[in-house]
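# Secondary and tertiary structure notes
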Protein chains: 2
Amino acid sequence: MDTVRIIEIKESVFADNDREADRVRQELKGKKTFLLNLMSSPGSGKTTTLMRTIEALKDELAIGVMEADIDSAVDAEKIATTGVRSIQLHTGGMCHLDAGMTEQGLREIGPEDLDLVVLENVGNLVCPAEFDTGAVKNAMILSVPEGHDKPLKYPLIFTVCDALIINKIDVLPYFDFDMDKVVEYAHMRNPKLEIFPICAKTGEGVDKWTDWLKNQVRAWQG
Amino acid sequence: MDTVRIIEIKESVFADNDREADRVRQELKGKKTFLLNLMSSPGSGKTTTLMRTIEALKDELAIGVMEADIDSAVDAEKIATTGVRSIQLHTGGMCHLDAGMTEQGLREIGPEDLDLVVLENVGNLVCPAEFDTGAVKNAMILSVPEGHDKPLKYPLIFTVCDALIINKIDVLPYFDFDMDKVVEYAHMRNPKLEIFPICAKTGEGVDKWTDWLKNQVRAWQG
């Protein structure tokens, strides 16, 4: 098991983030490494979903995880128990990662021998959506307790994501959450969004999500 | 019932936000209007908690609500059903409000005849914590499904708040949420934080929160 390294990342120096993001993607393409940017609100179950994802894919793919957080190393320590390479990025108060910051993390984790690197972005539905990190695909988690109206209130993140994981479906009976409505609202923002209802705690539905992810990685590797 | 007005607020022109915030507070003091800044993650139940709060206090206090959101008027429409004065502030993609933006909202709602104005900030635990809005007190909501580790991961918001509402206690049996730990972690960040466990849906515990708020308003009015 790797020990958890904490990297204090610095504010980016690149004026043109989109260009820098394209450069990061090009480099990853050369290394046949797929970068997934995983976004969500605080407490939607990013780390638990990630642990399930690692469990399902770690025999087939070499995986690394970059946990971004304002403070603490709680998440990276959890991820390290799965045995995959894991580092913690401290953003020093910043609410998102951009391509330059992601690149600092990639330099530390060393993507050369990895098929899949997951960037767990800062818990926030607003700012992370505004910055291309250089990821090949963006995914987000919305958990049942947050409510089905979120695509109406935080439109951009639903627009920029390729996959939407709807987590905590085990508590559907206790919340006024309308699955048909959330699918309708999310597709209003982004008709191509792939939607995966799951329960990360029990593992229900996780296979469809991990199959999709594995296919994306293999397609990228060519 | 007032109809919902939507105000497109502009980025602030003030270089020194703290000074501008103090000016906003001074003006409110002169009008004997108390401004509460309410913050939380998306989906923690800000609007439902606010509706309970209005229900409990509207016979004693003249209340107004400013709903800040990236997009949509979902929340202001709900609040308008309570009969209090309510406006929707659109931040145009911005992830927080500062004092200058709050002032634009105050000009529109007209605080002169109001005892209490509640600013429902953008759903986000990171950015809103960094800007003094000119509010007399800051409160935040953390809901049970978000997890008890949030004070470790989002320290600043717990530091700048005067009150922490822990919402959705009705679903405690279905989540691994440790109430003792969240109190311990939150007080580690801010020993003076007042903590109110509630269920906004059923009304459980709401009276302690509204008593505290009423006392704060009365103290401010002198």
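Residues numbered from 1 in each chain as written. Chains lettered and ligands numbered in written order. Predicted model: local features only at pLDDT ≥ 70, side-chain atom pairs only at ≥ 80, totals over all residues. Heavy atoms only, no water.

On average, residues of chain A score 93 in pLDDT, and 98% of them reach the 70 mark or higher. Across the assembled chains, the prediction reports ipTM 0.81 with pTM 0.88. (pLDDT = per-residue confidence, 0-100.)

Turning next to the sheet that holds strand β6 (residues 137-143) of chain B. Think of a sheet as strands paired side by side through backbone hydrogen bonds, with each pair either parallel or antiparallel. All names here are of chain B. A sheet is described by the order of its strands in space; here 8 strands give the open sequence β1-β4-β3-β5-β2-β6-β7-β8, paired in parallel fashion. The open sheet terminates on both sides in strands that have one partner only, identified here as β1 (5-8) and β8 (194-197). With direction set aside, neighbouring strand axes in the sheet form an average angle of 20°. Where strand β3 (residues 63-69) meets strand β4 (residues 85-90), 6 bridges bridge the pair, whose relative direction is parallel. In the strand pairing of β4, D69 is matched with H90. Relative to β3, helix α2 (residues 46-57) is tilted by about 175°, and along the sheet it contacts β2 (34-40), β3, β5 (116-120), β6 and β7 (163-167). Across the face of the sheet, helix α8 (residues 206-221) comes into contact with β2, β5, β6, β7 and β8 while running at roughly 145° to β2. (Pairing = 2+ DSSP bridges. Helix = DSSP H or I, 4+ residues; strand = E, 2+ residues; numbered from the N terminus. Axes fitted to C-alpha atoms, helices over the stretch in contact; angles between N-to-C directions. Contact = heavy atoms within 4.5 Å.)

Residues and elements named next belong to chain A. Spatial strand order, β1-β4-β3-β5-β2-β6-β7-β8: 8 strands in an open sheet with parallel pairing. Since the sheet does not close on itself, it has two edges, and those belong to β1 (5-8) and β8 (194-197), each with one partner. Going across the sheet, the axis of each strand differs from the next one's by a mean of 20°, ignoring polarity. With 5 bridges joining them, strand β3 (residues 63-69) and strand β5 (residues 116-120) adopt parallel strand pairing. Bridging from a neighbouring strand, M66 pairs with L119 of β5. Relative to the sheet, helix α4 (residues 99-109) contacts β1, β2 (34-40), β3, β4 (85-90) and β5, its axis offset from that of β3 by approximately 135°.

Next up on the list: the relation of the copies chain B and chain A. The two copies are related by a screw motion: chain B maps onto chain A through a turn of 180° and a shift of 0.0 Å along the axis, at an RMSD of 0.0 Å. Such a combination of turn and shift is consistent with a two-fold rotation axis. It is N124 of chain B whose C-alpha, among those of chain B, lies nearest the rotation axis, at 3.0 Å. Most of the interface of chain B is mirrored in chain A, where 100% of its interface residues again form contacts. (Least-squares fit on C-alpha atoms with pLDDT ≥ 70 in both.)

What follows deals with the pattern of salt bridges. Opposite charge on two side chains permits pairing when their charged atoms draw close. For the coordinates displayed, the defined rule picks out 24 salt bridges over all chains. When the shortest N-O distance is used, the salt bridge between D22 of chain B and R25 of chain B registers 2.7 Å. Pair noted here: D22 of chain B and R25 of chain B are both in helix α1 (residues 17-31), with a separation of 3 residues, about one helical turn. Among the charged side chains, a network of salt bridges with common partners joins E20, R23, E27, K31 and E103 of chain A. (Salt bridge = Lys/Arg side-chain N within 4 Å of Asp/Glu carboxyl O.)

Let's shift gears to the interface of chain B and chain A. Opposite the 33 residues of chain B that make contact, chain A presents 33 residues. Interface area, chain B with chain A, both sides summed: about 2,500 Å², of which 57% is carbon and sulfur. Among the residues chain B hides against chain A, the three largest losses belong to P42, K153 and Y174 of chain B. Together they make up 23% of the total. On inspection of chain B and its partner chain A, the count reaches 2 salt bridges. Close ionic contact of K153 of chain B with D75 of chain A constitutes a salt bridge, the shortest N to O distance being 2.8 Å. (Buried area = accessible area lost by both parts, 1.4 Å probe.)

Let us now look at the nonpolar core. Counting 144 residues, the largest nonpolar core has L116 and W209 of chain A together with L116 and W209 of chain B as its most contacted members. Leaving out residues up to four positions away in the same chain, L116 of chain A has contacts with F34, L36, L57, L61, A62, I63, G64, L213 and V217 of chain A. (Core = buried A, V, L, I, M, F, W, Y, C linked by side-chain atoms within 4.5 Å. Buried < 20%, exposed > 50% of the residue type's maximum accessible area, 1.4 Å probe, protein only.)

Residue and element names in this part refer to chain A. Contact geometry of helix α1 (residues 17-31) with α4 gives a least axis separation of 8 Å together with a crossing angle of 30°. Viewed along their axes, α1 and α4 adopt a mutual orientation that is roughly parallel. Between α1, through N17, E20, A21, R23, V24, E27 and L28, and α4, the contact on the second element is made entirely by A99, G100, E103 and L106. (Parallel < 35°, antiparallel > 145°, perpendicular 65-115°, else oblique.)

What follows deals with the pairing of β5 of chain A. Residues and elements named next belong to chain A. The buried fraction of β5 is high, at 5 of 5 residues. In this structure, β2 lies alongside β5, joined through 5 bridges in parallel fashion. Within β5, the residue paired with L36 across the bridge is V118.

Residue and element names in this part refer to chain B. Helix length check: α1, at 15 residues, gives a terminal C-alpha distance of 21 Å against a target of 21 Å (1.5 Å per residue), a fit within 8%. Those residues of α1 not exposed but buried are N17, E20, A21, V24, R25 and L28. The buried residues of α1 occupy an angular sector of 140° when projected down its axis, which confines them to one face. Away from the buried face of α1 by more than 90 degrees, exposed residues R19, Q26 and G30 are located. On the buried face of α1, the contacting elements are β2, α4 (99-109) and α8. (Expected span 1.5 Å × (residues − 1). Arc of directions from axis to C-beta.)

We now examine unusual backbone geometry. Notably, K32 of chain A is not glycine yet its phi reads approximately 55°, a positive angle. Note that K32 of chain A resides in the loop between α1 and β2.

Let us look at the side chain of Q104 of chain A. In this structure, Q104 of chain A sits in helix α4. For Q104 of chain A, a relative accessible area of 16% gives the class buried.

What follows concerns the state of the cysteines. Cysteine pairs can be linked by a disulfide, which is a covalent bond between their two sulfur atoms. Residues and elements named next belong to chain B. Taken as a whole, this structure holds 0 disulfides over all chains when the rule is applied. Counting only cysteine sulfurs, C95 is the nearest neighbor of C127, a cysteine outside any disulfide, at a range of 3.2 Å. Not engaged in a disulfide, the cysteine C161 finds its nearest cysteine sulfur in C127; these two sulfurs lie 14 Å apart. (Disulfide = S-S within 2.5 Å.)

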